[in-house]
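The lines below spell out each chain.
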Amino acid sequence: MTDTSPWAQPRTALFTDHYELTMLQASLHSGAAHRRCVFEAFARRLPDGRRYGVVGGTGRLLEGIVGFRFTDAELGFLERTRVVSRETLDFLADYRFSGNVYGYAEGEAYFPNSPILIVESTFAEACILETYVLSVLNHDSAIASAASRMTAAAQGRPCIEMGSRRTHEESAVSAARAAVIAGFASTSNLEAGLRYGIPTVGTAAHSFTLVHDTERDAFEAQVASMGVGTSLLVDTYDVEKAVRTAVEIAGDKLGAVRLDSGDLIEQAHWVRRLLDELGNVNTRIMVTSDLDEYAIAALQSAPVDAYGVGTALVTGSGAPTASMVYKLVSRTDDSGHFVSVAKSAKNKATVGGRKYALRRLDGLGRATHELIGVGYPPHDDGNDRALLEHFIVDGALKPGWTGHEGVTRARERHAASLAELPSSVQRMHRGEPAIPTVYEED
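Residues numbered from 1 in each chain as written. Predicted model: local features only at pLDDT ≥ 70, side-chain atom pairs only at ≥ 80, totals over all residues. Heavy atoms only, no water.

Going by an unreviewed UniProt entry, the protein chain carries the name Nicotinate phosphoribosyltransferase and comes from Sinomonas puerhi. Turning to the protein chain, the UniProt annotation filed under Catalytic activity (unreviewed entry) states: "5-phospho-alpha-D-ribose 1-diphosphate + nicotinate + ATP + H2O = nicotinate beta-D-ribonucleotide + ADP + phosphate + diphosphate". The heading Sequence similarities (unreviewed entry) in the UniProt record of the protein chain holds the text "Belongs to the NAPRTase family." (UniProt positions renumbered as here; feature names shortened; annotations may be inferred.)

Below you can see the structure in the form of C-alpha cells.
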C-alpha cells in the first residue's frame, strides 16, 4: 500500500527524561559513551489474568528513531536551562542513530521476558532512546493487548474503535492504530484514517436528535442526507417508538440501529424481534456504552452485529501500560569484547546477554513455549518460527514496517500469531501465560 499521508512525524528528541542526557554527559566524560552496547525492551510480567500481550507501536517507534534529531530549538532549550554542557550539546547537534534495531513484528503475541525490542549501538546513541522507546511500546502494546482480547471475545463480529474523547488527542490516534492492528474493523478518529489508511465510520450522536423538534425530524434529515443504509441512534427517548419510526422512514433497507444505554442484552433481543416483525430482517444492531471484553463476551448470546468500544479500549481495559522496561544487557569491555551485564536487585533482576527468540511449535503448528537463546540463537528443531526481525540496519530503516503498509502487515501478523496459540486464549479465561518462556544458555 502506498503511503500518501501528508502528516509529518513530530520531533522526538525531547520525548525523553532529563537523566538520559545527564547520563550521556557523564559517559562522554568517562569515555564509556562510545562502548558498544545491547539494550533490550521487555515486560517482566503480564497484567493480572492476561494470558498474552500484543506488540504495538513498533512502526511509530521506528519512524521516531530514524528521525531522532536535536534541532536549534531543542539545543537552545538545553543550553538555556543548563541541562548539559557544551561538549554534550555538540554531540547532540550531530546525533544520528547509526545502530541496529531488532524486535518482534508489530502485532505479534508476547509473553513475560520476551525480547520485544533489541537496540545495538553505542551507549551514547542507545541510552537516550529509553524513554521514547518505552512511552511508545508501553502505550500502544497496552491498547493492542486489550483490543486483541475484545476482538477475540467478539468472535468475528466487527469492533469499532470510538475512544478519542476519552484520552489525549495524540494518544487517540495511536490507540486507533493499535486497535486496528489487533483486529478492530474501523475507527471514529479521522486523523487515524488520514495517517494510517484506517477505515473511518460514524453517523450521529444524541445531540443530533435533540437539536431537532422531533425524533422523526432528526431521522428524516439523516436518512435524506446519508441514505437508508445509515445507522440511526434509537435510545434518545423511547426505544420501541424510535425503531418503529426509523423503519417507517427508511423501510426495510435501513442499515442499522444503535443502542447506547440500558440492559443491552435484553434490548438487543426484543429489538431484533421487533425489526424482524416489521420486515427489517437485514437491519443490523450495533451496541455501544462502556463496553469491555467481558461485556462483549456476555453479549455473544444476544443478536448483536457490531460493537463500538471507547473508554475501556483507550485505557487498556484495566492495564493502561504494558509495564515494559529497557535494560542494558551487554556491553564491550576495555578490550572491545562483549560482556553480559544484569541487575540483581530484588524483584527486578534481569538476565544478561544478547537474546535470540524462537517460538517452538508442535506438529500441528501450535505453540508450546517461547525459547530464548542467551548469547546465541537457540536450536530450531524444524517446526519453530524465528521471532526477531531486523528493522534498522546501520541506521537505515528497512521498508514495509511503517505507514499504511506497516499497519496492514501488523494486522496480518497478529492474526497469524494468535492462530498459533492454544485455543483457550481466544476466550476470557484467566490464568497463567498461554505458553512459558524458557531460556537456553551455555
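### So, the sheet that holds strand S9 (residues 256-259)
Here six strands make up an open sheet; going across it, the order is S7-S6-S11-S10-S9-S8 and the pairing parallel. In this open sheet, the two edge strands, each paired with only one partner strand, are strand S7 (186-187) and strand S8 (231-233). Summarising the sheet, strand S6 (residues 159-161) and strand S11 (residues 306-309) pair through three bridges and their orientation is parallel. From the neighbouring strand, Ile160 faces S11, where its bridge partner is Gly308. (Pairing = 2+ DSSP bridges. Helix = DSSP H or I, 4+ residues; strand = E, 2+ residues; numbered from the N terminus.)

### Structural notes on the UniProt feature "domain: Nicotinate phosphoribosyltransferase N-terminal" (unreviewed entry) in the protein chain
The residues that UniProt annotates with the feature "domain: Nicotinate phosphoribosyltransferase N-terminal" (unreviewed entry) are residues 14-138. Spanning residues 14-138, this segment combines 42% helix with 18% strand, and its end C-alpha atoms are found 18 Å apart.

### As for the packing of helix H3 (residues 72-80) against helix H4 (residues 86-93)
Taken N-terminus to C-terminus, the directions of H3 and H4 make an angle of 170°; their axes are 11 Å apart at the nearest point. Viewed along their axes, H3 and H4 adopt a mutual orientation that is roughly antiparallel. Mapping the contact onto sequence places Leu75, Leu78 and Glu79 in H3 and Arg86, Leu89, Leu92 and Ala93 in H4. (Axes fitted to C-alpha atoms, helices over the stretch in contact; angles between N-to-C directions. Parallel < 35°, antiparallel > 145°, perpendicular 65-115°, else oblique. Contact = heavy atoms within 4.5 Å.)

### Quick notes on helix H11 (residues 239-250)
For H11, spanning twelve residues, the distance from its first C-alpha to its last is 16 Å, which sits close to the expected 16 Å at 1.5 Å a residue. Taken together, the buried positions of H11 are occupied by Val239, Ala242, Val243, Thr245, Ala246, Val247 and Ala250. Looking at the packing, one finds that the buried side of H11 touches helix H10 (215-226), S8, S9 and helix H12 (264-277). Backbone nitrogen of Glu240 and a side-chain oxygen of the N-cap are separated by 3.4 Å at the start of H11; the cap is Asp238. (Expected span 1.5 Å × (residues − 1). Buried < 20%, exposed > 50% of the residue type's maximum accessible area, 1.4 Å probe, protein only. Polar contact = N/O pair within 3.5 Å; in protein donor to acceptor, adjacent residues only side chain to side chain.)

### Description of the sheet that holds strand S3 (residues 100-104)
Here seven strands make up an open sheet; going across it, the order is S13-S12-S1-S5-S3-S17-S18 and the pairing antiparallel. At either margin of the open sheet sits one strand with a lone partner, and together these are strand S13 (338-340) and strand S18 (396-397). Taken together, the four bridges between S3 and strand S17 (residues 388-393) define a ladder with antiparallel strand orientation. Bridge pairing links Tyr104 to Leu388 in S17. The sheet strands contacting helix H2 (residues 58-66) are S3, strand S5 (117-122), S17 and S18, and the helix crosses S17 at an angle near 25°. Lying over the sheet, helix H6 (residues 130-154) contacts strand S1 (36-43), S5 and strand S12 (324-332), oriented at roughly 140° with respect to S12.

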